[in-house]
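# Structural overview
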Amino acid sequence: MKTAVKPPGSDTARPTDGARPAHRLPFWVNQQLGLLVLIVVLAAVFGTLRPAFFNERLVLFPLLRDVSTLTVVALAQMVVLSIGHMNLAVGRMAAFGAFFAGFGYDRLGLPLVLGLVLCLVAGAAVGALTGWIIARTGVNSFVVTLAMDFALLGLVPLLYSACTENAAFTTRPAGLAELRSSSLADICLGPVCGSPAVPQVAQFTVLALAGLAFLYYRTRTGRELLLTGANPAAAELSGIPTGRRVVLAHALSGTLAALAGFMAAVGTGTFRASIGDDFMLPSFLGAVLGGTLLTGGAVSVVGALLGTTLVGVIRKGLDLLGVGLESLNIYLGCVLLLALSADRVRTVVSYRKVVRST
Amino acid sequence: MTTLRNQGAAALPALRRFSRSTTMTLLCVVVAGYVGLGIASSGSFLEGPSVRTFLQYLATPVLIGLAQMVALCVGQLNLAVGALGGFSACLMGVLMADHGVPAGPAIVIGVAAATLIGLLTGIFIVATQINGFIVTLGTMTILLGAQYRLSGTRTIDGYSDTLRDLGRSAPLNIPLVFLTALATAALLAAFMYRTVAGRRLLAAGGNPVAARLSGISTDRQIVLAHTVSGLLVGIAAAVATASLPGVNRSVGGDWLLPSFAAPIIGGVALTGGSVAVLGTVLAAFVMRLIDSARAQFSLDPSWVNFLIGVVVLGTVVGGRIHQTRIERKITAPGGTSSAQPRGAARPAAALPSTKGAR
Amino acid sequence: KSSDEPGATSAAPSGKAGGGTAELADGSKVKVALVPGGAHPYFQPWKQAGDQAKQTLRLGDATFDETAEWDQQKQNNLLSTLAARGYNAFGIFGVSPTDINTTFADLKAQGFAVASLGSCPAGDIDKADFCLSTDVELAAYKAAKTAIDAMGGKGALVHLTGNNVDANTQLRKKGVEKAVKETGGQVTLLQTITDIDKDLQTAQKAVSDLLAAKGDQIAGIVSTAYNPAVAAAEAVHQSGSKAKVVAIDDDAKILSSVKDGSVVATVVQNPVGQAEIGSWVLALLQSKQCTMKQPGKAVDSGSFVVTKDNVATYNDTRKETTAQLKKQFAGELLSCG
Amino acid sequence: MSDVLLECDSIVKVFPGVRALDGVGLTMTAGSVHALLGENGAGKSTLIKVITGVHTPDDGRLLRRGEEIHLRSPLDATRAGIGVVHQERNLIPGFSVAENITLQNPPSRRGLVDRDAMTAPAERCLAELGLDLDPHRPVRELSVAQQQLVEIAKALYTESQVLLLDEPTASLSPQEAEHLFDVVRRLKERGTCVVFVSHKLEEVFAICDTVTVLRDGRSVLESAPLSDYVQDDVVTLMVGRQHSVTDMTPRTVDPTARPALSLSGLNTAAGHRDVSLDIRPGEIVGLYGLVGAGRSELVKAVLGLDRVTGGEIRVDGEPARIRSPREALHTYGIGYLTENRKEEGVFLEQPIVRNITVTVWKKLARFLGDISSRAEKDVAQDLVDRLGIRVSGLAQNAGELSGGNQQKVSLAKWLAAETRLLVVDEPTVGVDVRTKHAFHELIWELARGGLPILLISSDLTEMITLADRVLVMADHRIRGEVPNDHDYDNMSGQIIRIIHDRAHPAAAASNGTP
Ligand SMILES: Nc1ncnc2c1ncn2[C@@H]1O[C@H](COP(=O)(O)OP(=O)(O)OP(=O)(O)O)[C@@H](O)[C@H]1O
Ligand SMILES: Nc1ncnc2c1ncn2[C@@H]1O[C@H](COP(=O)(O)OP(=O)(O)OP(=O)(O)O)[C@@H](O)[C@H]1O
Ligand SMILES: [Mg+2]
Ligand SMILES: [Mg+2]
């Protein structure tokens, strides 16, 4: 019964010996990769069924334009999710921002870029105000952003009614039409032109993605946002200015929402109050599908893009297959859930494999 | 302008809940708002028919609020509330109008279908471990499609007059549907506070790990919560079918946000582990008061939304400032409270700026 | 009910304009897509009319796709998807009247024939080939007028309508206000309730609250949106209020309310005609057989007041108007050959 | 041979990247108190979780009275007569004390909870632990130690044959621990087998009779009588080599130096009255008190987390107004190692690198706040090595570490921050013997390097090992000061006298001291 086993000498040094880096799960268990695989598989399936799926101008261009806008929307939500908050007013902040862009073009005669700046500033301001209220009062972000949503839901139409006839700004500054319809094909380096499938508005999305990726993966502020989300009490005690981070996250969210509003307005042509009406669900869907936690502390910038793309591809594919409204939503939901369950199975299987090999 | 201020008075305290005893505050708000409206309408608001109309439309918000509350109490979100309600309402309508099923069985089938779908949703969430948010979003999409399949764009109204009479009947000007909602709330309260199953549900929401370690299957609780949530939505659908002029694809379209607003205003935490049946009911009252005020004072909806938002935000900020001032007054003239001023609020108040935000 | 007449009428019209004929020679290359703004009872006749046109005109294809879900961006996407699927003539109800011209211009630029059906773009410019729609303001005016007549020319009127920040809603408000103004103060517009068309329950609640608060003052209700109309009919009936309700469109539910008297009248538009004539003209344009003499021309597809008396016969009037319209297109608006 | 209640036979448990248990055996006999020892991360908690059905073993067998059993869930374990107190507190915050205690098997009638029937057993369990608590209070309102006791009461309620206690005394003061030991002895009389995990070897030797030692997921000593060993043997087995306690180099404090932190006549909103203390460079000041004396709250008030209502705080002689821990860290250079590791100390769902470097990002940040992950990793790796934190990689989530290693991570961030004053609150809770020594040496060396340290601890031995002088707090006031003469008996006598002579009788009662 008494068995004093001899210590196998080297064992004590396990934590640092590095013989087996015993790392976390390998790269192929990664959720983003799963999404990418799903997107590729679905695109292949749709492409086989309907070769028109790869029509650059008529299918891919609008698809990417849509994805570009909704990705920014998802990013706007992701930023607040990173601190464990929610922004129910994304759509309305988009409308608010877009109003200022329209106002700038229509009334102030601003050039394209200045209008965009005005729009972003307005978004940032309203976001920062929201964040400030949450940080100061400690009231649940759900409640505060819901109230903000109501306030803007009333305010934006009032502003439009006060400033316009048709409840929309139809003035278009130079460059807007080009921005809407031009693609990389219009940008040429000598004889080599880009693909006509990639819309020009995607530049905003790429910028937003790159900026946020830098913020979250490289900078101090990004890390502090995540830790604020992971555990506010510990973050405060570790010297992170949690209050300021809350304000920052909401201001960023407002800015991104405004950017999305601008992109949506560019996409359809006018600046009107109904912009952003149905941003709320896609914003959550894209972010959460991509791997951002609703509880805060973890984000995936690329995931937001992939999540949004997945939904976009399914929708587009079903549209192309000519699925009517009476079945579209049913298929959309089923494909989504099936695809995710399939991915889930993959994760579980690969996790088991890792455990077995340990 | 006085009218506007009066309507503000109804909403204002409504939202002072955030600070402390939410239910009490809500109760005061309801009473004050009701009296306020009574005075503003020179009494007509307190007369039979008005009371009846007031209560008639309270049933649905109460029921869907409770349905959401049950999901929230295990830390889940149910985005399919509206779609599920709309679907089962249309199912009941179609069964009665197109298939000649008598009202009783049709209602039972509809409610059972909603419960079953809730059950399946729960099982799916547990089996695949996919985020409940995404799963209910998926089921929502599917159900929206199914609802459209059932009803198309028409309004189904060819069903039994007995059912409608029940839906409209109001002994002593208290509508039957409202009594149904109240009875459901009472049963739910008894379930949550008194039964072992209800306590398990709460335990799993309050601390899933602890619950698991205490032999409570969190998976089972999630399934149960979604099932009960489905059941409550089914009841809401039955109430809607009975009291609406007919059912069509728009039924349930407006349920999602109110379903969250009622429990959260009523004091339920998004993180799970808390219930507030009375709070939810009262919060629904408050929201209904705002509706009535809108009709009473012929307000432009934009202004109403704007004012609600601003008043809530103002109350949140004002309430917090007020509270800090009170606290300061109590503790400032030192020495009076040396005998253990420990209270419930202590640990939570340690980090005021971030706590409530999660 | 109305399934047999489009064929009868569409075979008949023929007109001469310019050197050629407005009789479609070869529609096999034309694939028409009828795209409403979203699912709504108003558009349901389009579906049948489209199928009918496909048969009688021997079109390559005709489809009806309502997946736009009242979102301009979604509608734009849907249109390009349809283009990718080979459709080349589009009859569109634009979700956002202020935005739809951009969409039209895009489609035109790709060489497609485009018709604005059911609603014209906001402003004076129309980038589509033609617009065939109810004059929204006129329809609202007619409805208000009918309500005022039913009220006996005096009392308080309430207007129920949909999304406030929509150009069409603004037109409807204008139409109702005009009718009220014409009474010279006899009739007052007590309230315009907007944004209650999203769902039936909201509409019902709003109407009930209104009747509870002001029921005794209200003499008439005019609803220029679907859900409020259904709700108002029911609520007035229930509360025993003497208010006269005037609705729009001829969904089965509303027609039955007209029949049972809870709705005094409904202003019916001509969606069948829009789809029927729309498909026909689109086919002519896309097959390059004809051109519009005046591109972007707006044509009123007609609106009719339906009461208990003419509820059985209004469809004939509508058919007549449609035939009339056909003649108008063949004779005046198209140049063929 | 006494009768074997439960037996583990070559249990294996694998987590991705770690073999947490690698063929462990454990024999639990009736009427014995069995010590389960091992360094942090040796696998003790994992073994307990396997025995209680939380984890399913990847290999090996569990035998109950010789018959193999399979536990699929904690409920199965409860039914099999196995009770447990886990290392982490696991209570439902919104439920009352009584409800938490009876959670596993609530008294009920036809599916309805019987709240009245719940109070009596709860009170009985609490009384056994000498805890006078209102059973209707929500546990959310309790202090850490009280919650720990409720957790134990919860295990007592199930009246199991085998009771596993995973570091139950970690956050208890000696007085409360003593109550617990009485209970353990009583259970032993009754024929229960108690498995006791602790890093406080004195306790182990005081109450245990058999011992199993784990090292790196293997049992190096299996169910041996404890009387055959002395403390040093056990430590050697745990560590795997001779572990000697080196005497620490003496340290002197200049009593005339200007205090780095000085509080005078401080009143706080938390109820502190007239608190005065000075901490000089290179000095370790101990702040001792019973659980709930208000030591942690005092520090929190100083850090700006609670309101200071009177008196003065001086940092380096200058009057200071500290509004937040951030200001305390970045402006005044004060670091605070919290006692509440799980809620306030570590970010469980975040990688270890971030947990450690959170305090130094400001320093590491370059243009645009960019932080080189290389520099970040260097800082973290350095501390992981220095403190011997057992990790499978810097990217591992802190939540996957063993309790003691989490504590080290929590300390590491303050070492990284290189503060000018360090407040350590219960620094070695749940830390193994070897690391505890390392911790003590570290703290000692930091002080020798001139860092002023305020040490809050309920571990009197630790106090006496490290502190230059001990301030005694009771009921939110400083009741007295004892210069450290490193004589345990003398010191403990003096301190206990200070607490008991002056403390409010009422407060003493509510703290569970008879
Ligand atoms: N859920 C988990 N996922 C991954 N690894 C884990 C998990 N739980 C424990 N481990 C690993 O298993 C090993 C044993 O951990 P365990 O908690 O059993 O240690 P312990 O002996 O209780 O230590 P301590 O004294 O610090 O509490 C550690 O290396 C730990 O990192
Ligand atoms: N008498 C008491 N009754 C109930 N709760 C108390 C009592 N005293 C303190 N508390 C609670 O216990 C918590 C612990 O207080 P604090 O941390 O300041 O004490 P401490 O001396 O550091 O003791 P500990 O050893 O628990 O850390 C406080 O948050 C307080 O709410
Ligand atoms: Mg452990
Ligand atoms: Mg403490």
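These numbers were taken from a predicted model, which means no experiment stands behind them. What you see as residue numbers is a count from 1 along each chain, following the sequence as written. Chains carry letters from A onward and ligands carry numbers from 1 onward, assigned in written order. Owing to the predicted nature of the model, reporting of local features is limited to residues with pLDDT of at least 70; listing and counting of side-chain atom pairs is limited to 80 or more, with chain, interface and lining totals taken over all residues. To obtain the side-chain values, all non-hydrogen atoms of the structure were included, while hydrogens and water were left out.

### A closer look at helix H14 (residues 373-387) of chain D
Threshold: To qualify as a helix, a DSSP run of H or I must reach at least 4 residues; to qualify as a strand, a run of E must reach at least 2; elements of each kind are numbered from the N terminus. The span expected for a helix works out to 1.5 Å for each residue beyond the first. When a residue's accessible area, from a 1.4 Å probe over protein chains only, is under 20% of the maximum for its type it is buried; when over 50% it is exposed; and in between it is partly exposed. Directions are taken from the helix axis to each C-beta atom, and the arc is the one they span. The contact rule is simple, with two residues in contact once any of their heavy atoms fall within 4.5 Å.
Compared with the 21 Å implied by 1.5 Å per residue over 15 residues, the 21 Å span of H14 of chain D between its first and last C-alpha is a close match. Within the sequence span of H14 of chain D, burial applies to Glu376, Ala380, Leu383, Val384 and Leu387 of chain D. End-on view of H14 of chain D: buried residues confined to an arc of 105°, all on one side of the axis. The elements touched by buried residues of H14 of chain D are helix H9 (220-230) of chain A together with helix H12 (352-357), helix H13 (361-364), helix H15 (403-417) and helix H16 (433-448) of chain D. With its phi angle positive at about 60°, glycine 388 of chain D sits one or two positions after the end of H14 of chain D.

### With respect to the pattern of salt bridges
Our working definition: Should a side-chain nitrogen of Lys or Arg be within 4 Å of a carboxyl oxygen of Asp or Glu, the pair is scored as a salt bridge.
This model, assessed by the stated rule, comprises 53 salt bridges over all chains. Across the salt bridge formed by glutamate 128 of chain D and arginine 186 of chain D, the nearest N and O atoms sit 3.3 Å from each other. With glutamate 128 of chain D in helix H4 (residues 115-128) and arginine 186 of chain D in helix H6 (residues 174-189), this pair connects stretches of sequence that are 58 residues apart. Classification of glutamate 128 of chain D as buried rests on a relative accessible area of 17%. With relative accessibility at 35%, the residue arginine 186 of chain D sits in the partly exposed group. With a shortest N-O distance of 3.6 Å, arginine 190 of chain D and glutamate 128 of chain D are connected by a salt bridge. One end of the pair, arginine 190 of chain D, is in the loop between H6 and strand S10 (193-197); the other, glutamate 128 of chain D, is in helix H4, with 62 residues separating them in the sequence. It is possible to trace a salt-bridge network through shared partners that takes in Arg288 and Asp291 of chain B together with Lys205 and Asp209 of chain C.

### Here's the deal with the packing of helix H2 (residues 22-40) of chain B against helix H14 (residues 277-296) of chain B
Residues and elements named next belong to chain B. So the rule is basically this: Fitted lines through C-alpha atoms give the axes, limited to the stretch in contact for helices. The angle between two N-to-C directions lies from 0 to 180 degrees. Throughout this description, any angle smaller than 35 degrees is read as roughly parallel, any larger than 145 degrees as roughly antiparallel, any in the 65 to 115 degree range as roughly perpendicular, and the remainder as oblique. Here a crossing is taken to be left-handed if its near helix is turned anticlockwise relative to the far helix by less than a right angle, and right-handed if that turn runs clockwise.
Between H2 and H14, the shortest axis-to-axis distance is 9 Å and the interhelical angle comes to 25°. Taken as axis vectors, H2 and H14 run roughly parallel relative to one another. Viewed along their axes, H2 and H14 form a crossing whose handedness is left-handed. Contacts between H2 and H14 involve Thr23, Leu26, Leu27, Val29, Val30, Gly33, Tyr34 and Leu37 from the former and Leu278, Gly279, Leu282, Ala283, Phe285, Val286, Leu289, Ser292, Ala293 and Gln296 from the latter.

### A few points about the sheet that holds strand S20 (residues 453-456) of chain D
Remark on secondary structure: sheet strands pair via backbone hydrogen bonds, oriented parallel or antiparallel. Residue and element names in this part refer to chain D. Selection rule: A pair of strands is labelled paired if DSSP reports no fewer than 2 bridges between them.
Taking strand neighbours across the sheet as the criterion, the 6 strands line up as S18-S19-S20-S15-S21-S22 in an open arrangement whose pairing is mixed. The sheet is open, and its two edges are formed by strand S18 (334-337) and strand S22 (477-483), each paired on a single side. Averaged over all pairs of adjacent strands, the angle between strand axes in this sheet comes to 20°, irrespective of strand direction. Note that strand S15 (residues 284-289) and strand S21 (residues 469-474) share 5 bridges and pair parallel. Within S21, the residue paired with valine 285 across the bridge is arginine 469.

### Some remarks on the site of ligand 2
Note the cut-off: Definition of nearness: a residue and a molecule or strand are near each other if at least one heavy atom of the residue lies within 4 Å of the molecule or strand. Between N or O atoms, a polar contact is any pair within 3.5 Å; within protein, one atom must be a potential hydrogen donor and the other a potential acceptor, and residues adjacent in sequence are included only when both atoms are from side chains. For accessible areas, the Shrake-Rupley method is used with a probe of radius 1.4 Å. Any residue's cover is judged against the shown protein chains and nothing else. All residues other than Ala, Val, Leu, Ile, Met, Phe, Trp, Tyr, Cys, Pro, Asp, Glu, Lys and Arg, Gly among them, are scored as polar; the first ten of these are nonpolar and the last four charged. Here the limits of each domain have been adopted from an automatic or database domain assignment.
Contacts to ligand 2 come from 17 residues, most closely from Ser143, Gly292, Arg295, Ser296 and Glu339 of chain D. Looking at the residues close to ligand 2, they fall on chains B and D. With respect to ligand 2, the side chain of arginine 295 of chain D contributes an N or O atom lying 2.7 Å from an oxygen atom. Burial of ligand 2 by the protein amounts to 90% of the accessible area it has alone, namely 610 Å². At 3 residues, helix H9 (residues 295-302) of chain D tops the list of elements feeding residues into the shell around ligand 2. Class assignment for the residues of the shell around ligand 2 results in 3 nonpolar, 8 polar and 6 charged. When residues of the shell around ligand 2 are assigned to domains, at least three fall in each of domain 1 (4-239) and domain 2 (259-333 + 419-514) of chain D.

### Quick word on the interface of chain A and chain D
Heads up, the condition is: A quick way to say it: buried area is the sum, across both parts, of accessible area lost when two parts are put together, with a 1.4 Å probe.
The partner chain D presents 62 residues to the 45 residues of chain A that form the contact. Taken together, the two surfaces of chain A and chain D that pack against each other cover about 4400 Å², and 56% of this comes from carbon and sulfur. The tally of links between chain A and chain D comes to 2 salt bridges. Where chain A meets chain D, there are 7 residue pairs in polar contact (both at pLDDT 80 or more). Elements with a contribution of two residues or more to the side of chain A that touches chain D: helix H1 (14-17), helix H8 (202-218), H9, helix H10 (232-237) and helix H14 (325-357) of chain A. Sort the elements by how many residues they give to the side of chain A that touches chain D and H9 of chain A lands first, with 6 residues. A breakdown of the residues in the side of chain A that touches chain D according to their chemical character gives 23 nonpolar, 10 polar and 12 charged.

Purely spatial values, then, with no claim about function.
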